[in-house]
Amino acid sequence: MAEKFMVGNSSDTTADILVNKLIAWKVEFVFTLVGDGVNPIFEALRKRKSEIKIITVRHEEAAAFMASGYAKCTGKLGVCLGTNGPGAVHLMNGLYDAAMEGAPVLAITGSVPHDVSGTQYIQEVDTVAMLNDIAVFNQMITGPLHAQVIVDLACRVALTTPGVAHLTIATDTQQKKLSDDKRSEKGGHLTGSSTYTPRVDTAPEEEIARAAELLNKSSKIMILAGRGAVDAKEELKQVAEQLGAPVAKALLGKMLMDDEDEYTTGGIGRLGTLPSKQMMDDCEVLLILGSTMPYLEYYPEENNAKGVQVDRDAKRIGLRYPVEIGLHGDVKSTLQALLRKIDYHSDRSFLSKAQDKMKDWKEKMQNLEAVTSTPIQPHYLVAQVSGLLKDDAVIAVDTGAHTVFTARHLKAKQGQQIIVCGNLASMGPGLPYAIAAQLAYPKKQCIAMVGDGGFTMLMGEVATAVLYKLAVKVIIFKNNTLAMDAFEQEEIGAKQYGIALHPINFVKVAEACGAEGYACSSPNELPGILAKAFSSTGPCIIEVEVDKDASPAPPEKL
């Protein structure tokens, strides 16, 4: 929670006030790439470099993904800064990622000098218009007096909504001194306040009672839990125990329960398990907790089950499944209230059925993970990585075929974290996410699971990891193919086309950037190579040649 900060130096510029406010809001890092449109902000950051750090990237897209990843894994405000024109445009992919998952991010962009705005000036882009589609707060700062109020508002809204807030400042306005600015007649003496209280809403008591009544009448309840339940891990387990209900975990909620927990059927959807789909098909009541899992075919048939949904965002209620009762509120506090009203379900037959199915599924997965053929099977690779992960590891997962294998074969533990580009499903963020996580948690094990296609997109950030001496470990599933696209082309009856990737020697790339590079094509050598890389205190790139024909099929087609 930030402390009140009053701006008082008449010589402070708009840029100084901006940076002072960020410090007051306890911002640790600004992910950025320099440009003349934000040079005054860089000067303000330089003057306060002992209190706030810049992380300079090789591409602004990575800066935005880092801000998003930082926000996702810490819950704190992630901040990215881009110059006007192309710098701001490059931020957009990462900002869409944050916006689509409600990650608190502040994006700051430069603008052309105020008196040439609208004249088609070089690098002129209307960033306010550009961000209108996704920003929860979106303003141009007009001067230092305005900045005293607007920066606080942007930070507060980003954290409490949560989502992407955007501020843009003309280059000359960034340099304007507080002493040169004049208040309007209506402006008063408002200087803002860098304070806020985290918002915790609980659904109305009568609605909770209705939900409890519905749950108490059924002995065939399925729970679907997602990232919105991340702060309610204990309550989730208690509700599952009380109801005798299996828990299917959306990918963003993979770490809500240990994958070995007796109450979970693992993942759900195209990346999930067959027992999760089967139990969804058989349930009478579906309790959705902080999830908008997108794969509609993996929900129960509309008339087969009644739905209860808990979500902090009212717009998400009934978004994927037509629920009977929508509880608008914080998942943790709402479950705490619900636990006081639900009965213990002595009939455990539905749970036992799920556990029997999971026993068979796990045996099937273990058989896949034990295959030591050449080329290396992705299942085997994920299992080997999983065995090396510490109980508090942070795992960043890029988008591609490897996402399916990682989701199924990585043995999640409750104390671990996973960062995924879930709703946007963009390729490229795996390495930036891992860098942000390592900065946030210097003593934790931070891993990136990436495909060779996605990794190549922002490959230059290996140099960023080296620059800041970050011990990230990057596992590359190398098959010289956009494997998920190949599978999807085949799925619609099309021929493979445009999916081949020119081979890259990622070991040489790593070494050229100053990182350690390892290559593996033999399953017998893989455990030793991974162990050596994981014991290193520096950034490591591990390319593993995997079978391009390994199918990332949905669970019912395995």
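Calculation rules
- Residues numbered from 1 in each chain as written.
- Predicted model: local features only at pLDDT ≥ 70, side-chain atom pairs only at ≥ 80, totals over all residues.
- Heavy atoms only, no water.
- Helix = DSSP H or I, 4+ residues; strand = E, 2+ residues; numbered from the N terminus.
- Rg over C-alpha atoms; globule rule 2.2 N^0.38 Å.
- Buried < 20%, exposed > 50% of the residue type's maximum accessible area, 1.4 Å probe, protein only.
- Areas by Shrake-Rupley, 256 points an atom, 1.4 Å probe, with all protein chains shown as cover.
- Lys, Arg positive; Asp, Glu negative; His and termini not counted.
- Charge placed at Lys NZ, Arg CZ, Asp CG, Glu CD.
- Pairing = 2+ DSSP bridges.
- Right-handed = clockwise from strand over helix to strand, strands pointing away.
- Core = buried A, V, L, I, M, F, W, Y, C linked by side-chain atoms within 4.5 Å.
- Contact = heavy atoms within 4.5 Å.
- Salt bridge = Lys/Arg side-chain N within 4 Å of Asp/Glu carboxyl O.
- Phe/Tyr/Trp six-rings, centres within 6.5 Å; stacked < 30°, edge-to-face > 60°.
- Lys NZ or Arg CZ within 6 Å of the ring centre and 35° of its normal.
- Axes fitted to C-alpha atoms, helices over the stretch in contact; angles between N-to-C directions.
- Parallel < 35°, antiparallel > 145°, perpendicular 65-115°, else oblique.
- Left-handed = near helix turned anticlockwise from the far one by under 90°.
- Nonpolar A, V, L, I, M, F, W, Y, C, P; charged D, E, K, R; others polar.

The next point concerns the overall build of the chain. Along its length, the chain carries 20 helices and 18 strands. Taken against the 2.2 N^0.38 rule, which gives 24 Å for 558 residues, the C-alpha radius of gyration of the chain at 25 Å falls within 12% of a compact globule. Dimensions of the chain, computed from the C-alpha atoms along their principal axes, are close to 75 × 60 × 45 Å. Taken over 558 residues, the chain has a buried fraction of 57%. Accessible surface for the chain amounts to roughly 22700 Å². Of this, 49% is attributable to carbon and sulfur atoms. Taken as two groups, the 56 positive and 67 negative side-chain charges of the chain have centres that lie 4 Å from each other.

Positionally, Glu206 belongs in helix H8 (residues 205–216). Along the backbone, Glu206 and Gln489 are 283 residues apart, and their C-alpha atoms lie at a distance of 50 Å.

Below, the discussion takes up the pairing of strand E5 (residues 135–141). Strand direction decides the pairing type here: E5 and strand E6 (residues 164–170), joined by 6 bridges, are parallel. Directly across from Met140, in E6, lies its bridge partner Thr168. Assessed by its sense of winding, the connection that carries the chain from E5 through helix H6 (residues 144–160) to E6 is right-handed.

So, about the nonpolar core. Judged by nonpolar contacts, the single largest core of 53 residues is most densely connected at Phe31, Cys80, Leu95 and Phe455. Counting residues per element, this core draws most heavily on helix H3 (residues 60–74), which supplies 9 residues. Beyond its immediate sequence surroundings of up to four residues, Phe31 is in contact with Ile55, Ala63, Met66, Ala67, Tyr70, Val79, Cys80, Leu81, Ala436 and Leu439. Formed by 37 residues, the second largest nonpolar core is a distinct cluster that contains Ile395, Ala401, Ala407 and Ile418.

Quick look at the side chain of Glu235 now. By the secondary structure assignment, Glu235 is in helix H9 (residues 233–243). Note on Glu235: relative accessible area 7%, which makes it buried. Other than its neighbours up to four places away in sequence, Glu235 contacts Lys332, Leu335, Gln336 and Leu339.

Moving on, we get to the pairing of strand E4 (residues 105–111). With 7 of its 7 residues buried, E4 lies for the most part within the structure. One ladder, built from 5 bridges, connects strand E3 (residues 78–82) with E4; its direction is parallel. Across the sheet, the residue bridging to Leu81 is Ile108, located in E4. Crossover handedness for the path E3 to helix H4 (residues 86–100) to E4: right-handed. In this sheet, E6 lies alongside E4 in parallel orientation, the contact comprising 7 bridges. Bridging from a neighbouring strand, Leu106 pairs with Ala165 of E6.

On to the pattern of salt bridges, then. The tally for this structure, following the rule as stated, stands at 29 salt bridges. A salt bridge links Glu491 to Arg270; its shortest N-O distance comes to 3.2 Å. With Glu491 in helix H18 (residues 483–491) and Arg270 in the loop between strand E9 (264–267) and helix H10 (274–282), this residue pair connects regions lying 221 residues apart in the sequence. The exposure class assigned to Glu491 is partly exposed, which follows from its relative accessible area of 36%. Judged by its relative accessible area of 18%, Arg270 falls in the buried class. A single network of salt bridges, built from pairs that share partners, joins Lys72, Asp97, Glu101 and Arg227.

This structure, assessed with the given rule, holds 8 aromatic pairs. It is Lys277 that lies over the ring of Tyr298; its NZ or CZ is 5.3 Å from the centre. Taking NZ or CZ as reference, Lys444 lies 4.2 Å from the ring centre of Tyr441, over its face.

Note: most residues except glycine have negative phi, and most peptide bonds are trans. In this structure, Pro162 follows Thr161 across a cis peptide bond, with omega equal to -25°. One can find Pro162 in the loop between H6 and E6. The step from Thr374 to Pro375 runs through a cis peptide bond, and the omega angle for that step is 0°. Among the secondary structure elements, Pro375 is positioned in the loop between helix H12 (349–369) and helix H13 (378–386). The phi dihedral of Lys26 falls on the positive side, at around 65°, and the residue is not glycine. Relative to the elements of secondary structure, Lys26 occurs in the loop between helix H1 (14–24) and strand E1 (29–32).

The next thing to look at is the packing of H10 against H12. A pair of packed helices is captured by two measures, namely the crossing angle of their axes and the spacing between those axes. Two numbers describe how H10 lies on H12: the axes approach to 9 Å, and their chain directions differ by 155°. Taken together, H10 and H12 sit at an angle that is classed as roughly antiparallel. Where H10 crosses over H12, the two elements pack in a sense that is right-handed. Contact residues: Leu274, Pro275, Gln278, Met279 and Asp282 in H10; Phe350, Lys353, Ala354, Lys357, Met358 and Trp361 in H12. Taken together, the residues that form the contact of H10 with H12 break down as 7 nonpolar, 1 polar and 3 charged.

This brings us to the sheet that holds strand E16 (residues 473–478). Spatial strand order, E14-E13-E15-E16-E18-E17: 6 strands in an open sheet with parallel pairing. The sheet is open, and its two edges are formed by strand E14 (417–420) and strand E17 (516–520), each paired on a single side. Averaged over neighbouring strand pairs, the angle between their axes works out to 15° when direction is ignored. With 4 bridges connecting them, strand E13 (residues 394–397) and E14 associate as parallel partners. Note on E14: the bridge partner recorded for Val397 is Val420. The strands that H13 touches are strand E15 (446–451), E16 and strand E18 (540–545); relative to E16, the one it contacts most, it runs at about 170°.

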